[in-house]
Amino acid sequence: MTDVISVFGLHKAFGNTVALDGLDLTVREGEVHGFLGPNGSGKSTTIRILLGLLRADRGTGTVLGRDPWREATELHRSLAYVPGDVVLWPTLTGGEVIDLLGRLRGGIDEARRRRLVQRFELDETKKGKAYSKGNRQKVALVAALASDVPLLVLDEPTAGLDPLMEEIFQAELMALRDAGRTTLLSSHILSEVEKACDRVSIVRAGRIVDSGSLADLRHLSRTRVHALLRSAPTLAELEAWPGTHDARVDGAEVWCSVDAEHLGDLVATLGSHGVETLTCQPPTLEELFLARYQPQPA
Amino acid sequence: MTTRLAGAPDLLRLAWRRDRILVPASVIGLVVLSVGSAQTTLELYPDDESAAAGLAGILTNPSIIAMYGPLASQTADALAVFKTVMMGAFLVAVLGFVVVRRHTRTEEDEGRLELLGSGVVGRWSPLAAAVTLATVAVVAASALSAAGLAALGMDVPGSVAFGVAWLAAGLATVGVTAVAVQLASTTRGAAGLGFGFLAAAYALRALADSADDGSVLHALGWLSPLGWAGRVEAYGANRQWVLLLGLATLVAGVVVGVAVLERRDLGAGLIPARTGPARAGRILSGPLGLVTRMARGTIVGWTLGLTLGGVVVGSLLGSVADLADDPVVSDFLEQLGGSAGTVEDIFVSTELGFISAAVAAAGVALALRLVGSERSGLGEVVLSTPTSRLRWYAANVAVPLALTTFLMVVLGVVLGVVGPAVTELAPSLGESVGASLAKLPAVWVLIAVAAALGGAVPRFAPFAWAVLLVTFLVGELGPSMQLPSWILDASPFTHLSQLPGGTFEVVPSLALVAVTAVLVVLGGVAYLHRDVA
């Protein structure tokens, strides 16, 4: 597998504000890559650098094998972009904008365009000014999803969509992935990323703090364990077992979280205490995310 | 009532905070315009004898009165403010319009009012704050000008009347804008209504003022707020009561505006947004087509406007001919236009100079859309497609250059057809088109300034407007104010060949074209190398 996006050590400052501080990002061909981070963490700045709209102060890398700053135009033949805050020409209708963007990108799949307009229940005859935020987003999404390009760059594309439309968006995204397209999906809607993304990168204060498949990321985190035992250990005993944290004991019930590499040991040890019920809960993306955003101890 | 106006003082403070440069700078500019030009005129014509003897005959001429309004009296004072009464009244009206629109429809259009409106802000408050600030601005410009003129030693009741002339036009426009921003559902729509109103008011008073006293057409001039400015007749009849017309219009406008406001939803107007085609036409296939399509309203409006302008100027040539044998006339016109040749030639050259400045404004507005689209995020959308920056920049420069060229051709052709039909002394079709095209290099330079600023330093792009205004005023008032030649030379209009009647000088025109090219290239190079977002 080749990398569609691979950039290293991106730095970008606006005046005194450091937006990116050595950001690395790798997106593999054919994957949906979640790009997670809170507001102001540098997601949109990164995307604008990947599109060649901004020039990184430092850092190297390619998108689809091209230098995004020097070969922006060539690069843009192979990607479609949906900005986070979709603005439309106030006097053009949604249909006109879809056609315009399709033509500027060098062609649009007519059948897919029709199907998408229908599925998203988009009224194409309204002027840009008259659309709600969600409908503006639909216009941009239809234009992007109907383009025949290998890479989609979507900056929080579902922020204005209702849950029904989000469902449709997810399905379309899956269909495109199955067709071999690559997607960079910036988002802070974790359930969406969890459902749609093969791998994620978590950005914080201008650098990637974690990157990998959800399984990898989970592996780095603790699993929560709850067990009902015939002979429960004391709290002190439980805390002394390797890799356990946040331990609690209440009669025959124990709760704790455990580092991934010690999960096996813990289960074995629990077994010797006579397990009656046992639940192991891998961390949710939300927990992964929050864990990386807790203020780090100095 | 009080709940409807809740938060109005806070909104007024916010508006003032946002306009603390715009409003004072505009007021100072207007005061400098009125007092400065009066002072220099009075230095040239210190007493009524010199003024009346030299110029009174000309100023009763319909074509000049069509441009500036009636002459109030044959005194030096009246002469000193002859041009600035109308020019200033128009600019004061524009200031009133801009301030009201900025804080009402623009805020609503951009969605900022929604944020404010969800707080403890009464429904009438934004309009009340905007109208208050605009009124303050208009009153300040008028009152300070009146005080300044009186301080020059000019007749005091006349100076007050001068202030009244500006104020009546300004207050009326504030009132009309209060309605316009309720009717239109977009900022641009409000601009269309506002400037359409001002253009109609100007055209009506131009026609009425050139009609005979006592005719119905002449009486119709009382319907135009710009007509009021002339009919105050400052330093003549001094009709101070005209102020009541302005006040009444302001009050009526606010009442109607509030009534509409009571009935409409936030974000909506009374003129609803229409639907359009579901598929794009062929023109929307590339950056050039996109820019052209977005300029459609501008193209249609200005083409109609310049056709009308050509007809009006062409028909006025008939009355200019009556004065052909008065030598004083050509002296004066020469001062206005600085030309040589017949009275008709000079008149055409002068009018073309005026109109070309307006055409340049259309060009500058279009050239600034490069920055506008960057700010709104539309530029990002276009540039994320295979459209190169070079093509996007080029399209945004090419359309204003092409449109202004087209407009001047239209003007020249219409003038060249209508003029000879009215009088055989008018310049021929070829001369008219040639003279019209000869103004283009200066127009192009101003567009190039906007393009260069937008390409290199988008933050400063609006300075292109200041450059346009200053070059226009320098060209218009500079010679009679006897400004030093280096200031005059800084205006591209100074370097144009005087056509028709004069000879076409190739070198200065080529130099202006070269300046245009250099500015466009510099802007383009900078645009290719800077961050866009």
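Residues numbered from 1 in each chain as written. Chains lettered and ligands numbered in written order. Predicted model: local features only at pLDDT ≥ 70, side-chain atom pairs only at ≥ 80, totals over all residues. Heavy atoms only, no water.

Draft legend 1. Spatial organisation of the overall build of chain B. A count of helices and strands for chain B gives 26 helices and 0 strands. If one aligns the C-alpha atoms of chain B with their principal axes, the spans along those axes are about 65 × 55 × 40 Å. Classification of the 533 residues of chain B by burial places 53% in the buried group. Carbon and sulfur atoms make up 69% of the accessible area of chain B, which totals about 21,500 Å². Counting 29 positive and 35 negative side-chain charges, chain B places the averaged centre of each group 21 Å from the other. (Helix = DSSP H or I, 4+ residues; strand = E, 2+ residues; numbered from the N terminus. Buried < 20%, exposed > 50% of the residue type's maximum accessible area, 1.4 Å probe, protein only. Areas by Shrake-Rupley, 256 points an atom, 1.4 Å probe, with all protein chains shown as cover. Lys, Arg positive; Asp, Glu negative; His and termini not counted. Charge placed at Lys NZ, Arg CZ, Asp CG, Glu CD.)

Draft legend 2. Molecular detail of the side chain of Arg205 of chain B. Residue and element names in this part refer to chain B. Mapped onto the elements, Arg205 comes out in helix α11 (residues 187-210). Owing to a relative accessible area of 0%, Arg205 belongs among the buried residues under this scheme. Beyond its immediate chain neighbours, meaning those up to four positions away, Arg205 contacts Ile65, Ala66, Met67, Tyr68, Gly69, Met86, Ser224, Leu226 and Gly227. (Contact = heavy atoms within 4.5 Å.)

Draft legend 3. Main features of the sheet that holds strand β2 (residues 17-28) of chain A. Residues and elements named next belong to chain A. Pairing within the open sheet is antiparallel, and its 3 strands lie in the order β2-β1-β4. Of all strands in the sheet, those with a lone pairing partner are β2 and β4 (58-63), marking the two edges. Neighbouring strand axes in the sheet, compared pairwise and without regard to direction, differ in orientation by 15 degrees on average. Direction of pairing for strand β1 (residues 3-14) relative to β2: antiparallel, over a ladder of 9 bridges. Pairing of Val7 across the sheet is with Leu25, part of β2. Here helix α1 (residues 43-50) sits on the sheet in contact with β1, β2 and β4, set at roughly 65 degrees to β2. (Pairing = 2+ DSSP bridges. Axes fitted to C-alpha atoms, helices over the stretch in contact; angles between N-to-C directions.)

Draft legend 4. Focus on the packing of helix α9 (residues 125-151) of chain B against helix α10 (residues 156-183) of chain B. All names here are of chain B. Running from amino to carboxyl end, α9 crosses α10 at an angle of 165 degrees, the nearest separation of the two axes being 8 Å. Judged by the inter-axis angle, α9 sits roughly antiparallel to α10. The handedness of the crossing between α9 and α10 comes out as right-handed. Taking contact as the criterion, the partners of Leu127, Val131, Ala134, Thr135, Val138, Val139, Ala141, Ser142, Ser145, Ala146, Leu149 and Ala150 in α9 are, on α10, Val156, Ser159, Val160, Phe162, Gly163, Trp166, Leu167, Gly170, Leu171, Val174, Ala178 and Gln182. Looking at the contact of α9 with α10 residue by residue, the class counts come to 17 nonpolar, 7 polar and no charged. (Parallel < 35°, antiparallel > 145°, perpendicular 65-115°, else oblique. Left-handed = near helix turned anticlockwise from the far one by under 90°. Nonpolar A, V, L, I, M, F, W, Y, C, P; charged D, E, K, R; others polar.)

Draft legend 5. Structural context of the sheet that holds strand β10 (residues 222-229) of chain A. All names here are of chain A. Across the sheet, 4 strands lie side by side as β11-β12-β10-β13; this open sheet has antiparallel pairing. The sheet terminates laterally at β11 (244-250) and β13 (275-281), the two strands that pair on one side only. Taken over all neighbouring pairs, the strand axes of this sheet differ in orientation by 15 degrees on average, direction set aside. In terms of strand pairing, β10 meets β13 through 6 bridges, oriented antiparallel. Across the sheet, Leu229 pairs through a bridge with Val275, a residue of β13. The strands touched by helix α10 (residues 263-272) are β10, β11, β12 (253-259) and β13; relative to β10, the strand with the most contacts, the crossing angle is about 5 degrees.

Draft legend 6. Structural context of the domain arrangement of chain B. In terms of domains, chain B is made up of domain 1 (1-274) and domain 2 (284-533). Summarising the inter-unit geometry, the C-alpha centres of domain 1 of chain B and domain 2 of chain B are found 26 Å apart. (Domains from an automatic or database assignment.)

Draft legend 7. Representation of the interface of chain A and chain B in the model. Listed as interface residues are 35 residues of chain A and, on the opposing side, 39 residues of chain B. It is Leu53, Trp89 and Leu104 of chain A that lose the most area in chain A upon contact with chain B, and together they represent 20% of the buried surface on that side. Across the chain A-chain B interface, the total number found is 5 salt bridges. The closest approach of N and O atoms between Arg279 of chain B and Asp99 of chain A, which form a salt bridge, is 2.8 Å. Counting every contact that joins chain A to chain B gives 19 residue pairs in polar contact (both at pLDDT 80 or more). (Buried area = accessible area lost by both parts, 1.4 Å probe. Salt bridge = Lys/Arg side-chain N within 4 Å of Asp/Glu carboxyl O. Polar contact = N/O pair within 3.5 Å; in protein donor to acceptor, adjacent residues only side chain to side chain.)

Draft legend 8. Examining the pattern of salt bridges more closely. Residues and elements named next belong to chain A. Per the stated rule, a full pass over the model turns up 32 salt bridges over all chains. For the salt bridge of Glu156 with Lys43, the shortest nitrogen-to-oxygen distance reads 3.4 Å. Taken as a pair, Glu156 in the loop between β6 (151-155) and α6 (163-178) and Lys43 in helix α1 lie far apart in primary sequence, 113 residues in all. In this structure Glu156 comes out as buried when scored by relative accessible area, which is 18%. Residue Lys43 is classed as buried on the basis of its relative accessible area of 4%. One salt bridge in this structure joins Arg177 and Asp198, with 2.6 Å as the shortest N-O distance. Separated by 21 residues along the polypeptide, Arg177 in helix α6 and Asp198 in the loop between α7 (190-196) and β8 (199-204) bring together distant segments of the chain. Residue Arg177 is classed as partly exposed on the basis of its relative accessible area of 23%.

Draft legend 9. Focus on unusual backbone geometry. For Glu156 of chain A, which is not glycine, the phi torsion reads 45 degrees and is therefore positive. The phi torsion at Tyr235 of chain B lies on the positive side, around 65 degrees, for a residue other than glycine. Note that Tyr235 of chain B resides in the loop between α13 (225-231) and α14 (242-263).

Draft legend 10. Highlighting the nonpolar core. In terms of nonpolar packing, the biggest core is built from 200 residues, with Ile5, Leu25 and Trp89 of chain A together with Leu290 of chain B touching the most fellow members. A total of 12 residues in this core trace back to one element, the largest contributor, which is α10 of chain B. The residues touching Trp89 of chain A, leaving out its near neighbours within four places in the chain, are Val97, Leu100 and Gly128 of chain A together with Leu290, Met294, Leu378, Val381 and Val382 of chain B. (Core = buried A, V, L, I, M, F, W, Y, C linked by side-chain atoms within 4.5 Å.)

Draft legend 11. Expanded view of the side chain of Thr106 of chain B. Assignment of secondary structure puts Thr106 of chain B in helix α7 (residues 105-109). There is a polar contact of 3.1 Å between the side chain of Thr106 of chain B and the backbone oxygen of Arg101 of chain B.

Draft legend 12. Quick peek at the environment of Trp124 of chain B. Residues and elements named next belong to chain B. Within the secondary structure, Trp124 sits in the loop between α8 (112-117) and α9. Spatially, the C-alpha atoms of Trp124 and Ala143 are 28 Å apart, while their sequence positions differ by 19 residues. There is a polar contact of 2.8 Å between the side chain of Trp124 and the side chain of Glu262.

Draft legend 13. Local environment of the packing of aromatic side chains. Residue and element names in this part refer to chain B. If you walk through the whole model with that rule in mind, you get 9 aromatic pairs over all chains. Look at Trp222 and Trp241: their rings are 5.8 Å apart centre to centre, the planes differ by 20 degrees, and that puts the pair in the stacked class. With Trp222 in the loop between α12 (216-220) and α13 and Trp241 in the loop between α13 and α14, this pair connects stretches of sequence that are 19 residues apart. You can call Trp222 partly exposed: its relative accessible area is 30%. Each residue in the set Tyr68, Phe82, Phe354 and Phe472 is aromatic and connected to the rest through ring pairs, giving one cluster. (Phe/Tyr/Trp six-rings, centres within 6.5 Å; stacked < 30°, edge-to-face > 60°.)

Draft legend 14. Here's a closer look at the packing of helix α21 (residues 389-422) of chain B against helix α23 (residues 440-456) of chain B. Residues and elements named next belong to chain B. Running from amino to carboxyl end, α21 crosses α23 at an angle of 160 degrees, the nearest separation of the two axes being 10 Å. Classified by the angle between their axes, α21 and α23 sit roughly antiparallel to one another. With respect to the hand of their crossing, α21 and α23 are arranged in right-handed fashion. On α23, the residues that touch Tyr393, Val397, Pro400, Leu401, Thr404, Thr405 and Met408 of α21 are Leu440, Val443, Trp444, Ile447, Ala451, Ala452 and Gly455. When grouped by side-chain class, the residues that make up the contact of α21 with α23 number 11 nonpolar, 3 polar and no charged.

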